[in-house]
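# Observations on the three-dimensional arrangement
Given next are the chains, with one letter for each unit.
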Amino acid sequence: VDLLLVETIFDGMNAKAAILAVEEIREEKNIDIPVMVSATVNRDGKIFTGQSIESLILSLDRDFIISYGFNCSFGAKELIPLTKKLGKFVKKPISLYPNAGLPDENGEYLETPDVTVGYLKELVENREINILGGCCGTTFEHIRKIAELVKNRTPRFFSEDLEVEGLLSGNEVYDFKNRFTVVGERNNVAGSKIFKNLIVEQNYIKALEIARKQIENGAKVIDINMDDGLLNSEVEMERFLRVIQNDREVSKVPVMIDSSKWEVIEAGLKCLQGKSVVNSISLKEGEEKFLEHARIIKQYGAATVVMAFDEKGQADTAARKIEVCERAYRLLVDKIGFNPHDII
């Protein structure tokens, strides 16, 4: 094949698993195969798990993904405003291949090729689309008319300078550039006895109320820590993060996965569909382990806190802090291509 299409995405973690699989095969076979990504959304521009399309893109994005867009859903008419909005967020080609409207009670799609093309004409004339096609209910005639519509027309221009860096996400995108960000740390078994007791009792719904209260009080990121000798930290992290994903309000904000155990961090990364933050990695165990962990964080589309700590211990003077941080930064950016905006 010439490229791979990860399409009809309605679950962010499902999509992340697919992209990780593609990445593994690319490396294993040493091939540079490009990938297109397309989601199916509701009328608010969210996939079925409640994640916004912007958050989905933020958590998946990497160099080999060549386009983002929509397919299936409910037809071209309602997808056009969402496609226009997406154009202001994405600095890559945008695709759209809608259904021929919604099916009737017999499962038949009645939207004719002329009607579909009539809707799409606006995007083409305004140069707001790069790739067009058809999904459920579209016929050879639909595709022929779409091909006629775009013949010799100029596609959307997208700027490489579009500013989408310095963002995190839960189900919604949060911009932490140039602002003070409050991190709620009460969902921490070491920092809150109330929270710890609720986790020991496996009362996750009550524990969720603590996260909700922190958000109401101004927390923009929720820190989750399950490190305790009497808990199976890995299992508790997975369980609580899955509970969070099912709460409409708490799932909107980015999560900071906080642990001194790498296994717990990785378990957490597997449970989040947005762009989370890892707290933390350091050079304490040397460069090899540091870069190994950073590569995995990068694969999961997360940002990371980097501690000013190396093989000699914690940096205790201004000169040592600069030395350790500069070394960590250079390793991340130069060795594995970690996005500088994702280093905290």
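First, a word on scope: everything that follows refers to the structure included in this document. All of these numbers come straight from a predicted model, not from anything done at the bench. Position numbers for residues count from 1 along each chain, tracking the sequence in the order it is written. Reporting in this predicted model follows two pLDDT cut-offs: at least 70 for local features of residues, and 80 or more for side-chain atom pairs to be given and counted; totals over whole chains, interfaces and linings ignore these cut-offs and use all residues. Side-chain descriptors were evaluated using all non-hydrogen atoms of the structure, hydrogens and water having been removed beforehand.

So, on to the packing of helix H7 (residues 204-216) against helix H8 (residues 233-245). Each axis is a line fitted through C-alpha atoms, and for a helix only the stretch in contact is used; angles between axes span 0 to 180 degrees, taken between their N-to-C directions. Helix and strand definitions here come from DSSP, where helices need a minimum of 4 consecutive H or I residues and strands a minimum of 2 consecutive E residues; each element is numbered from the N-terminal end. One can describe the packing of H7 onto H8 by two numbers: an axis separation of 10 Å at closest approach and a directional angle of 70°. When the axis of H7 is compared with that of H8, the two are roughly perpendicular. Considering the relative orientation of H7 and H8, their crossing is right-handed. Along the contact surface, H7 presents Tyr204, Ile205, Ala207 and Leu208, while H8 presents Glu236, Arg239, Phe240, Val243 and Ile244. Any residue outside Ala, Val, Leu, Ile, Met, Phe, Trp, Tyr, Cys, Pro, Asp, Glu, Lys and Arg is labelled polar, Gly included; the first ten of those are nonpolar and the last four are charged. Each residue belonging to the contact of H7 with H8 can be placed in one class, and the counts come to seven nonpolar, no polar and two charged. Oblique is the label for any angle not under 35 degrees, not over 145, and not in the 65 to 115 range, which are roughly parallel, roughly antiparallel and roughly perpendicular in turn. Should the near helix be turned anticlockwise from the far one by less than a right angle, the crossing is left-handed, and should it be turned clockwise, the crossing is right-handed. Here a residue-residue contact requires only that any non-hydrogen atoms of the pair lie within 4.5 Å.

Residue Ser280 is bonded to the preceding Asn279 through a cis peptide linkage, with omega at 15°. Its location among the elements puts Ser280 in strand E11 (residues 277-281). Positive phi outside glycine occurs at Thr8, with the angle close to 50°. Relative to the helices and strands, Thr8 is located in strand E1 (residues 4-9). In this structure, Arg127 is a non-glycine residue whose phi angle is positive, near 55°. Residue position: Arg127 is located in the loop between helix H4 (113-125) and strand E5 (131-132).

The subject of this paragraph is the sheet that holds E11. Spatially, E8-E9-E10-E11-E12 is the arrangement adopted by the five strands of the open sheet, whose pairing is parallel. Taken across any chain shown, the strands that pair with only one partner, and hence form the sheet edges, are strand E8 (183-188) and strand E12 (303-306). When the angles between neighbouring strand axes are averaged without regard to direction, this sheet yields 25°. Bridge analysis of E11 against E12 gives four bridges, and the strand direction is parallel. By the bridge assignment for E12, Val278 is matched with Thr304. Helix-sheet contacts for helix H10 (residues 287-299) involve E11 and E12, and the interaxial angle to E11 is about 180°. Should DSSP find at least two bridges between two strands, the strands are regarded as paired.

Interpretation note: all reported values are geometric properties and have no functional meaning in isolation.
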